Amino acid sequence: MAGVNKVILVGNLGADPEIKVIPNGVKVARLRLATSESYTNKEGERITNTEWHSVNVWRGLADVAEKYLKKGDKVYVEGKLRTRSYEKDGDTRYVTEIEGDNMTMLGSRNEGGGSSQPSAPSKPSAKPTADLSPDSSDDESFDDLPF
């Protein structure tokens, strides 16, 4: 049986999207997404844990992120975990990121979740596609991305 690599996050942006255009002309947006969970401990104190995630969205989703997203906005992201390595000062370092392939803007933190902003296309792709539903399985478009 094949494995499943799927991540679903709903959180708030901790910063405006960082936009880059890589040498082959493809646009990428890095999102810093905070997810929080709260619980009450044995002493009755309310505890909130926040996790920070790096999310990369490409092409059309990067355009939407650049145009519409800002710090504090609530976003729904689906994607996959990717781990890459790089050298710094002679040491090999590893980074785990989410490669987002579906994104929906849920509104800013102050709007209470509703938004009149358009949602992003479900699958960014260099080629046009008729099926933009979240169930479409056009994962080959990510095989040529540099990591």
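Cut-offs and rules
Residue indices begin from 1 for each chain and proceed along its sequence in written order. Given that the model is predicted, a residue must reach a pLDDT of at least 70 before its local features are reported, and side-chain atom pairs must reach 80 or more before they are shown or counted; all residues, however, enter totals for whole chains, interfaces and linings. Side-chain numbers come from the whole structure's heavy atoms, not from hydrogens or water. Only buried Ala, Val, Leu, Ile, Met, Phe, Trp, Tyr and Cys residues count toward a nonpolar core, and they belong to the same one when joined by side-chain atoms within 4.5 Å. Residue burial is assigned from relative accessible area. The probe radius is 1.4 Å, only protein chains are included, and a residue is buried under 20% of its type maximum, exposed over 50%, and partly exposed in between. The way it works is that DSSP assigns letters per residue, a run of H or I at least four long becomes a helix, a run of E at least two long becomes a strand, and they are numbered from the N terminus. Residue contacts are defined here by distance: any two heavy atoms, one from each residue, within 4.5 Å place the two residues in contact. Pairing of N or O atoms within 3.5 Å defines a polar contact, subject to two protein rules: one partner must be a possible hydrogen donor and the other a possible acceptor, and residues neighboring in sequence count only if both atoms are side-chain atoms.

## Topic: the nonpolar core
Then step 1. Core analysis: the largest hydrophobic core is formed by 18 residues, its most contacted members being L31, L33, V55, A65, L69, V75 and M103.
Then step 2. Put simply, the parts of the chain that give this core at least two residues each are β1 (7–13), β3 (27–40), β4 (46–58), α1 (59–68), β5 (73–88) and β6 (91–108).
Then step 3. Ranked by residues supplied to this core, first place goes to α1 with four residues.
Then step 4. If near-sequence neighbours (up to four positions away) are discounted, L33 is found in contact with L9, G11, N12, L13, E51, W52, H53, V55, V75 and V77.

## Describing the side chain of K80
Then step 1. With respect to the helices and strands, K80 occurs in strand β5.
Then step 2. The buried category is assigned to K80, whose relative accessible area is 11%.
Then step 3. Polar contacts involving the side chain of K80 include one to the side chain of D101, which spans 2.8 Å.

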